Each structure stands twice: as structure tokens, then as C-alpha cells.
Amino acid sequence: MLPPIPQPEDYHVSPTTGFLPSELPLLCLNDPVYEKWERIVANLQSLILSKRLRTVIDKLPIIPATHLYTENEWRRAYTVLIFLAHGYIWGGEKPAERLPPSITYPLLQVCEHLELPPVATYAGLCLWNYKPLFAHDGLTLENLSTLITYTGSLDEQWFYLVSVAIEAKGGSTIPLMLDAVQAARDGDKEIVTENLRTLAEVLDEIGTLLLRMNESCDPHVFYHRIRPFLAGSKNMKDAGLPHGVFYDDGDVRTSSWRQYGGGSNAQSSLIQLFDIFLGVEHRPTGSKASETSESEAEPGVAPKPRHNFIHEMRQYMPGPHKRFLQAVEAVSNIREFVEYNQRDRNLTVAYDACLAMLRALRDKHIQIVSRYIIVKSREARSVSRSRGRSGPEPDSAPAPNRGRGIASVSYKNSDAEQRKKMRGTGGTALIPFLKQARDETGEPAIDAWARKVLTGARKTAADREVDIESLRVQEDELDGMPGLERVPTIVGLAGSWDMESEGGGLCYQFYSASDTHSFNYYEHFRFSIHSEHKDQFLSASHIVLNGPYYDAKQEHDRGRIT
Ligand code: HEM
Ligand SMILES: N[C@@H](CC(=O)c1ccccc1NC=O)C(=O)O
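Residues numbered from 1 in each chain as written. Chains lettered and ligands numbered in written order. Predicted model: local features only at pLDDT ≥ 70, side-chain atom pairs only at ≥ 80, totals over all residues. Heavy atoms only, no water.

As a reminder of what qualifies: UniProt positions are given in the numbering used here, feature names are shortened, and annotations may be inferred rather than shown by experiment.
An unreviewed UniProt entry annotates the chain as Indoleamine 2,3-dioxygenase of Lithohypha guttulata. Of the chain, the UniProt comment under Catalytic activity (unreviewed entry) reads exactly: "L-tryptophan + O2 = N-formyl-L-kynurenine".

What follows is the structure, given as C-alpha cells:
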């Protein structure tokens, strides 16, 4: 018998708001017992600025979680406590290596209830940390505000709110996807096609939302002011946490050193749900589609230990959401259904369009990461290097975060041995990881040409942007100080990444023979799916399908390809 199709409500998932709570997050905990916590978060930015947060928290009594009753209260308590915890750890000259019992004791109780690690996760920072400006208007970017921030900046609000708006937009696709699974069981190709078409459109709109990050979140503010507070305690040796953080819960028998990854959008259940529904599989970083998978490993031979970062991020999702993903995984049938019915062009095109849109989303994300992390860390490195040449700078530089937090760990001196070790273990390069995830998104495509285009057989706008950046990185390295080998390190929040450029070198690939074909396919795609929304589709799909056509054409005109 087939497993039942999961009901979202059984997993704290709403058919309208998706992974955002069905009721709005609480603005504050109403029980006066928790007034002290609320008073501190209400003044969080000023306390961080005046460097008084640690002293205030050190004086705070232990307030147990025993007065929390509703799910909304547990969630509010979690959000409050993670802001206090990360403010405490990262809001001083040096990171605090110990969390006091006033935070640790209730935080561990709350995390046990919510099935979350005691660290700032995407759920606490985004899913449970917003309010609509006008109660009767929808959860659009224009109608949202955040409840708590570290910095009080609009940039920080916007940074979280882009994700909230994405979750809100994506929420409506959850019943669509589950209905499609049922329709596939019933052999109803029309419903599956219809729902896939709508999903492709929503994915396209989500991509547009992602790019709106640029509107109000400045990369410099993000990198130097916001991001340092989001860091976890895993792989944070260079940031000043060699052992992680000591969670002192007031009892010597249970207090311990712990290491957790920081907040990341990789912890969004929505994006992982799209992958699961469409049958997109992510391999451990660095392995190719042709390599033997764990399940196919030779009998009797232990499979190579494999690190799948995206899968690991499920440990940072609230328990019910994590179980929802597992339940959908158990019924996921769309890829198989489309393959079986591949003669149905409408169905195939609708499915491939979903993959194209999800891939385009990941491509846009790479551009964002390039602007918000790669460029900024390169700048920080070169500033740091010029300081190294001209001797230490007077301590009058204005940035309050200077010299601490993860923004200050953009490179380190290292010998060759250490470099090798770093690459061999946790040191995966960030951009190749993101590109791999992007290219894996196209792998299940049914149409052979679509599969080729969607699995990275050509350079996209994002590829060019990061290529230019890695060229600059290499120039910087050549310009290095004699006697010192400097290893550029991108300090990840959830992962640990180095900045090694992509293996494939920097040469651009251009299309020639398939040019006409690509154009025809693009036209077909556009008209068959989006006859009603042509204009919108045209602009949004530019990167996925139209981009290479123009590249190739320009290069052809310049006589560089035939
Ligand atoms: C300034 C904004 C952003 C930056 C700098 C950024 C950066 C990153 C980084 C560094 C990673 C690697 C994992 C880690 O160490 O955390 C990552 C992963 C990821 N991010 Fe973002 N991100 C941003 C915004 C977003 C938004 C708004 C989304 C929502 C769609 C998103 C979706 C993802 C996903 C799904 C992953 C996992 C990899 C994948 O599935 O392709 N990110 N991001
Ligand atoms: N992975 C990102 C952080 C990130 O994307 C994020 C972290 C916490 C809450 C929300 C996030 N994304 C929001 O757009 C980084 O490494 O800076």
C-alpha cells in the first residue's frame, strides 16, 4: 500500500502560509514572568552599542520555560533567547566562550520542545520574527516589518524580510504540490500539468523576490555589521571560539562545550521541499553524477563517508517541518510520472520549466553570494593586507566590529600542509558548492536539450560575475606579501568554505551549433507555458534561456565562434 499523502497541518505547516506559522508571531511574551527578557530584547541594539549586554544578562535570574503554553509562546521564547545568546557571544570586543545559565537553562528547554539546536536558526531569525504593517494586507515585502534585530538597521530588517516574503509566496504551492502527487497517483495528467505550470510561475516570482535583496540591504552593512551576529560556534577557531561555546546551564554535570552551525537560508524547508517534490537530488559536495552513490556501493565495502551539507541542514529545522520533508520524500512521484508520460509535451515542458525556474533561483543566489560575501571578503582582505604593509593602524578606525567576529576572519596565514588539510576536510569551496547545487537542479530534466542547458553546459550571468571575482582573487594572491602564504577563507555561517576558484578555469564557453535549437526551445517554452503571462516570463527567464542565445550571438558576430 502507498503511504498516505501528508496533511500539512499535522506538521505545523499551513496550506496558506506554508512554513510561516498559521497565526502571526507574538509581539511579546505576555506573562510578566518573562518581562525581563522582553525588556532586554526591546533595548538590544542600545545594549550592544553601549557594550552593556553581557553585564545585564549576567545579572539576569534563571527564568525557566515553565510558563510557556502555546506553540506561539514557545516560538517567541526561542526567538528572544537566540537573539540574546548571539548578542551575548558576538556583541563584545572578543566573542564570549561561555553562555551563562540565565540564557542556557531556558534555551535548552525551549529547544527540546521545538526540536531545534540551541543556536540562531533560520526559523528563529525569519519564520517567527515578523509582523505585517497592516493586519489586513498580505505578507508582501511592502507590508512586513521584523520584530527583533541586532543592529536596528533597515538593512537587517530587509535581509530577514526577503526570506519571509519568499516563504509567504511559496506557501500556496504546498497544497498544489501535494495535490499533484495525488493526481499522479490517479493518472490525471491535466491536474499535474496545471499545478506544475503554477509552480513554475511562483518559482519565477520567488527568484524576482530574491534579487530584491539589493534594494535595501547594503552588502557592506550585511558583511560587517549583520553577518557577524549570525555566526554559530562550529569551525569558529579563527573567530576566537576554538572549542565552540561552553553552555553553562548551572549544573556542572550537564554543562558542556558545544559547536553548532550558524543561521542560514539553507535551513529553509521550503526550498528543500521544492527539491523533494521535483525529484532533485543533491550529492555530497565534489562528487559527480556518474560516481557510485552510497546505495550502489560495492557489497561488503563500506561506503565512503559523505558530507551532504544541504541534507545536514535539516537538523536545523523545527522538528515537525523536518518530518514533513521526510513524509513528502516518501510519496514523491512526480519525476517518475513525467518520465513515464514523456510523450505528453505539455506535461514535460511544465515539469522542465519548474526545474529551469528553480535553477534560475539558485543562479541568482550565486550572484547575491558573490556581491554580499565574495566581493566583501576580498575587500576586507586587501584592506587588511595594506595595513600589514604599512604597519598596524591606529585604533581609531570607526567600525565597532573591527577585529572581531567572522567578518574579520577573511584570510589567514597558513603553511602548505594546513592548506591541504583544509581543502581535504571541511574546506569546501563555497561557489563550487552553490554551483553544484544549481547544476544538480537541472539533472532530472526530461527533455535532453533542457537537461544539457540546465546542468551547466554553459556560463550564466552569475558564472561570469563570480569568474571575474575569482580572477581578482588570484591577482590579489600574486600580489601577496613575501614569505607568507595567505589562504583566502570564506567563513561560512552554517558551512565552512574556502575561496578556491572553480576547477574549470576561467575560459568562457559559447554555444554555436545548438543556437537555433536553443532559441526554438525557448520560444516553445515561453508560449506553451506562459501564454497568459508572456511579458513577465520573458524577463524572468532571460537568465535561464535567453541569456546564452545573446551571448553566443554576440560572440558569433565578433567572429569568435562559428
Ligand atoms: C544576502 C543574502 C544571502 C547571502 C549572503 C547568502 C549566502 C549563502 C551562503 C554562504 C550559503 C552557503 C551555506 C552557508 O554557509 O550558510 C547559502 C546557502 C543557501 N542559500 Fe543563501 N544567502 C542569502 C540569501 C538567501 C535567500 C534570500 C535565499 C532564499 C531563497 C537563500 C537560499 C539559500 C539556499 C537554498 C542555500 C542552500 C544551497 C542551495 O540549496 O542551493 N539565500 N546562502
Ligand atoms: N547563508 C548566509 C546567511 C543567510 O542567508 C541567512 C542567515 C540567517 C537568516 C537568514 C538568512 N538569509 C536571509 O536572506 C551567510 O552565509 O551569510
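Observations regarding the site of ligand 1
What counts here: One heavy atom within 4 Å of a molecule or strand makes the whole residue count as near it. Counted as a polar contact is a pair of N or O atoms within 3.5 Å, where, for protein atoms, one must be capable of donating a hydrogen and the other of accepting one, and residues adjacent in sequence contribute only when both atoms are in side chains. Note on conventions: DSSP H or I runs of at least 4 residues are helices, E runs of at least 2 residues are strands, and numbering of each starts at the N terminus.
The immediate surroundings of ligand 1 are formed by 25 residues, with Ser264, Asn265, Arg362, His365 and Trp497 found nearest. At a separation of 2.7 Å, an oxygen atom of ligand 1 approaches a polar side-chain atom of Arg362. At 2.8 Å, a side-chain N or O of His365 approaches a nitrogen atom of ligand 1. Of all the elements in the fold, those that place two or more residues in the shell around ligand 1 are helix 7 (154-171), helix 13 (309-312), helix 16 (345-389) and helix 18 (430-442).

Here's the deal with the sheet that holds strand 4 (residues 245-247)
In plain terms, the rule: Being paired, for any two strands, means DSSP has found at least two bridges between them.
On the basis of which strands lie adjacent, the open sheet formed by three strands has the order 1-4-5 and mixed pairing. The open sheet has two edge strands, strand 1 (98-99) and strand 5 (256-258), and neither has a second partner.

Regarding the confidence of the model for the chain
The test is simple: Confidence per residue, as judged by the predictor, is encoded in pLDDT with a range of 0 to 100. Should any heavy atoms of two residues lie within 4.5 Å, those residues are considered in contact.
Looking at the chain as a whole, the pLDDT averages 82, with 73% of positions reaching at least 70. Note on residues 480-488: pLDDT under 50 across the span, and 27 contacts to partners over four residues away in sequence or across chains. This prediction of the complex comes with two scores: 0.84 for pTM and 0.98 for ipTM.

Quick notes on the site of ligand 2
Quick reminder of the rule: Using a 1.4 Å probe, accessible areas were evaluated by the Shrake-Rupley method; residue-level cover was limited to the displayed protein chains.
Taken together, 13 residues surround ligand 2, and among them Ser163, Phe222, Arg227, Asn265 and Leu493 come closest. Between ligand 2 and Arg227, the relevant distance is 2.5 Å, taken from an oxygen atom to a side-chain nitrogen or oxygen of the residue. One nitrogen or oxygen atom from the side chain of Asn265 is found 3.1 Å from a nitrogen atom belonging to ligand 2. Protein contacts shield 87% of the accessible area of ligand 2, which totals 410 Å² for the unbound molecule. Of the residues forming the shell around ligand 2, the biggest block, three residues, is contributed by helix 6 (residues 122-127).

A short note on the environment of Leu24
In this fold, Leu24 is placed in the segment before helix 1 (35-42). Here the alpha-carbon distance between Leu24 and Ala135, two residues 111 residues apart in the chain, equals 9.6 Å. For Leu24, the contacting residues outside a window of four places in its chain are Asn72, Tyr130, Pro132 and Leu139.

Re the packing of aromatic side chains
Rules: Within 6.5 Å between ring centres, the rings of Phe, Tyr and Trp (the latter by its six-membered ring) count as paired, and their orientation is classed by plane angle as stacked under 30 degrees, edge-to-face over 60, tilted in between. Classification of residues uses two cut-offs on accessible area relative to the type maximum, computed with a 1.4 Å probe and protein chains only: under 20% is buried, over 50% is exposed, and between them is partly exposed. Sitting over a ring, as applied to charges here, requires NZ of Lys or CZ of Arg to be within 6 Å of the ring centre and within 35 degrees of the ring normal.
Enumeration according to the criterion identifies 13 aromatic pairs in this entry. Plain terms: the ring middles of Phe222 and Tyr372 are 5.7 Å apart, the flat faces sit at 75° to each other, and that makes the pair edge-to-face. You can see Phe222 sitting in helix 11 (residues 219-230) and its partner Tyr372 sitting in helix 16, a full 150 residues away along the chain. No difference in accessibility class separates Phe222 from Tyr372, as the two residues are buried. Aromatic ring contacts, followed pair by pair, group Phe83, Tyr150, Phe159, Tyr160, Phe222, Phe229 and Tyr372 into a single cluster. Over the ring of Tyr88 we find Arg54; its NZ or CZ atom is 5.8 Å from the centre of that ring. The lysine or arginine in question, Arg258, covers the ring of Tyr247, its NZ or CZ lying 5.3 Å from the ring centre.

Quick notes on the packing of helix 7 against helix 11
Applied cut-off: With axes taken as lines fitted to C-alpha atoms, and helix axes fitted only over the stretch in contact, angles between N-to-C directions fall between 0 and 180 degrees. Two helices cross in a left-handed way if the nearer one is turned anticlockwise from the farther one by less than a right angle. They cross in a right-handed way if the turn is clockwise. For this scheme, ten residues count as nonpolar: Ala, Val, Leu, Ile, Met, Phe, Trp, Tyr, Cys and Pro. Four count as charged, namely Asp, Glu, Lys and Arg, and the remainder, Gly too, count as polar.
At a minimum axis distance of 10 Å, the contact between helix 7 and helix 11 shows a crossing angle of 65°. Viewed along their axes, helix 7 and helix 11 form a crossing whose handedness is right-handed. Each of Asp155, Glu156, Phe159 and Tyr160 in helix 7 lies in contact with helix 11, whose residues at this interface are Val221, Phe222, Ile226 and Leu230. Its residues placed into classes, the contact of helix 7 with helix 11 shows six nonpolar, no polar and two charged.

Description of the packing of helix 4 (residues 71-90) against helix 11
The description of two helices packed together rests on the angle between their axes and the distance between the axes. Let me state the cut-off plainly: Note on angle classes: values under 35 degrees are labelled roughly parallel, values over 145 roughly antiparallel, values of 65 to 115 roughly perpendicular, and the remainder oblique.
Orientation of helix 4 relative to helix 11, taken along the N-to-C sense of each, is 115°, at an axis distance of 8 Å. If you check the angle between helix 4 and helix 11, you find them roughly perpendicular. For the pair helix 4 and helix 11, contact is made by His86, Gly87 and Trp90 and by Pro228, Phe229 and Leu230, respectively. For the contact of helix 4 with helix 11, the per-class residue count stands at four nonpolar, two polar and no charged.

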